[in-house]
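Here's the letter readout for the chains.
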Amino acid sequence: MTTKRVLAVLAAAAALTVPAATTATAAPAQAAACNGYVGLTFDDGPSGNTTKLLGALRQNGLRATMFNQGQYAAANPSLVRAQVTAGMWVANHSYTHPHLTRLSQAQIDSEISRTQQAVANAGGGTPKLFRPPYGETNATVKSVAARYGLTEIIWHVDSQDWNGASTDAIVQSAARLTNGQVILMHDWPANTLAAIPRIAQTLASRGLCAGTISPQTGRAVAP
């Protein structure tokens, strides 16, 4: 009986010790992984490529801000919900992607307000961030966006994926990001999709994590 009791006590002690040690080592490692945050942004969705893009982002532990066009959000509400389910943040990229600075104030208002409604109706919540198409803005565009509680977000690094940039070039663009900065990418290019795993590796090697974009500062911060 004594031997059995000793063995039972040792077994119980071992069972308690192993998980405790594992927890103690895992938590600090995870906490120390992020020395800064960057904003990964994808414009022009949702599209036929969105499902693959979301899968690649999730598989590589990345979250991003999706600047959706209102017309596509209205046509593909299930994809907007998929963006949210995948842990992404949904933002406003106008309804039809026009050159806003060439439009009247009423037309600008329509582009922004209809997108707010389309995203909300699709289950994407009420956007807090707005990216003007082509990065083109002026005082009127900014004032209309502000009327809807939107913070205008441009970018610090342009991946040039919209201009046929190679996968290597897109990865190299992401490697230039520093803490708080935002990169412009798009929902639809095949080369951007192919770049996602390497972007994740590059950021991790530099201690950078994918964060959310602060409506207060327009910079990437911890989620």
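Refer to the structure above for everything that follows.
Basis of the calculations
- Residues numbered from 1 in each chain as written.
- Predicted model: local features only at pLDDT ≥ 70, side-chain atom pairs only at ≥ 80, totals over all residues.
- Heavy atoms only, no water.
- Salt bridge = Lys/Arg side-chain N within 4 Å of Asp/Glu carboxyl O.
- Helix = DSSP H or I, 4+ residues; strand = E, 2+ residues; numbered from the N terminus.
- Buried < 20%, exposed > 50% of the residue type's maximum accessible area, 1.4 Å probe, protein only.
- Arc of directions from axis to C-beta.
- Contact = heavy atoms within 4.5 Å.
- Polar contact = N/O pair within 3.5 Å; in protein donor to acceptor, adjacent residues only side chain to side chain.
- Pairing = 2+ DSSP bridges.
- Right-handed = clockwise from strand over helix to strand, strands pointing away.
- Axes fitted to C-alpha atoms, helices over the stretch in contact; angles between N-to-C directions.
- Left-handed = near helix turned anticlockwise from the far one by under 90°.
- Nonpolar A, V, L, I, M, F, W, Y, C, P; charged D, E, K, R; others polar.
- Core = buried A, V, L, I, M, F, W, Y, C linked by side-chain atoms within 4.5 Å.

In this structure, what is going on with the pattern of salt bridges? I would like to understand it.
Side chains bearing opposite charge may pair, as long as their charged atoms lie close to each other. A complete count under the given rule lists three salt bridges for this structure. Across the pair R131 and D43 runs a salt bridge, and its minimum N-O distance is 2.8 Å. One end of the pair, R131, is in the loop between strand 4 (129-130) and helix 6 (139-147); the other, D43, is in strand 1 (residues 36-43), with 88 residues separating them in the sequence. Taken individually, R131 and D43 each receive the classification buried, so the pair is uniform in this respect. Here R198 makes a salt bridge to D168, at a shortest N to O gap of 2.8 Å. Placement of the pair is R198 in helix 8 (residues 190-205) and D168 in helix 7 (residues 167-174), with a sequence separation of 30 residues. Its relative accessible area of 40% is what places D168 among the partly exposed residues.

Hey, could you run me through the environment of N35 in this one?
Within the secondary structure layout, N35 lies in the loop between helix 1 (2-31) and strand 1. Take N35: its relative accessible area is 61%, and that puts it in the exposed class. It is 5.8 Å that separates the C-alpha atoms of N35 and L208, two residues lying 173 residues apart in sequence.

Before we go on, may I ask you to explain helix 6 in this structure?
Residues separated by three or four positions in an α-helix point in the same direction, a consequence of the helix having 3.6 residues per turn. Those residues of helix 6 that fall on the buried side of the exposure criterion are V141, V144 and A145. Buried residues in helix 6, looked at end-on, bunch into an arc of 100°, giving them a common side. Among the structural elements, helix 5 (105-121), strand 4 and strand 5 (151-152) are those in contact with the buried residues of helix 6. Where helix 6 begins, the capping side chain belongs to N138, and its oxygen is found 3.1 Å from the backbone nitrogen of T140. Where helix 6 terminates, the next one or two residues include G149, which has phi positive at roughly 70°.

Is there a simple way to think about the environment of G125 in this case?
Secondary-structure assignment places G125 in the loop between helix 5 and strand 4. In this structure, the C-alpha to C-alpha distance between G125 and V84, residues 41 residues apart in sequence, is 8.9 Å. Those residues in contact with G125 that sit more than four places away from it in its chain are V119 and A120.

Help me out: how do you make sense of the pairing of strand 7 (residues 182-186) in this one?
Remark: a regular strand shows side chains that alternate across the two faces of the sheet. Counting buried positions along strand 7 yields five of five residues, so the element is predominantly enclosed. Here strand 7 shows a buried face lined by V182, L184 and H186 and a second buried face lined by I183 and M185. When strand 1 meets strand 7, the two strands line up parallel, connected through five bridges. Counted as the bridge partner of G39 is V182 from strand 7. Note that strand 6 (residues 157-158) and strand 7 share two bridges and pair parallel. When the sheet's bridge partners are listed, V157 is paired in strand 7 with I183. Taking the sense of rotation as the criterion, the β-α-β connection linking strand 6, helix 7 and strand 7 turns out right-handed.

Hey, could you run me through the packing of helix 7 against helix 8 in this one?
When two helices pack together, their arrangement is given by the angle between their axes and by how far apart the axes lie. Where helix 7 contacts helix 8, the two axes come as close as 8 Å, and the packing angle between them is 35°. Read as a crossing pair, helix 7 and helix 8 show a hand that is right-handed. Only N191, T192, A194, A195, R198, I199, T202 and L203 of helix 8 make contact with helix 7, whose side of the interface consists of T167, D168, I170, V171 and A174. When its residues are assigned to classes, the contact of helix 7 with helix 8 shows seven nonpolar, four polar and two charged.

Explanation requested: the nonpolar core in the structure shown.
The nonpolar side chains of soluble globular proteins are, as a tendency, buried together. Within the largest apolar cluster, 27 residues are counted, with the highest numbers of intra-cluster contacts made by L40, F42, L57 and I199. Top element by residues in this core is helix 8. It accounts for five residues. Among all residues touching L57, those that are not within four sequence positions of it are F42, L62, A64, M88 and I196. In terms of nonpolar packing, the next biggest core, distinct from the first, is built from eight residues, L100, I108, V141 and L150 among them.

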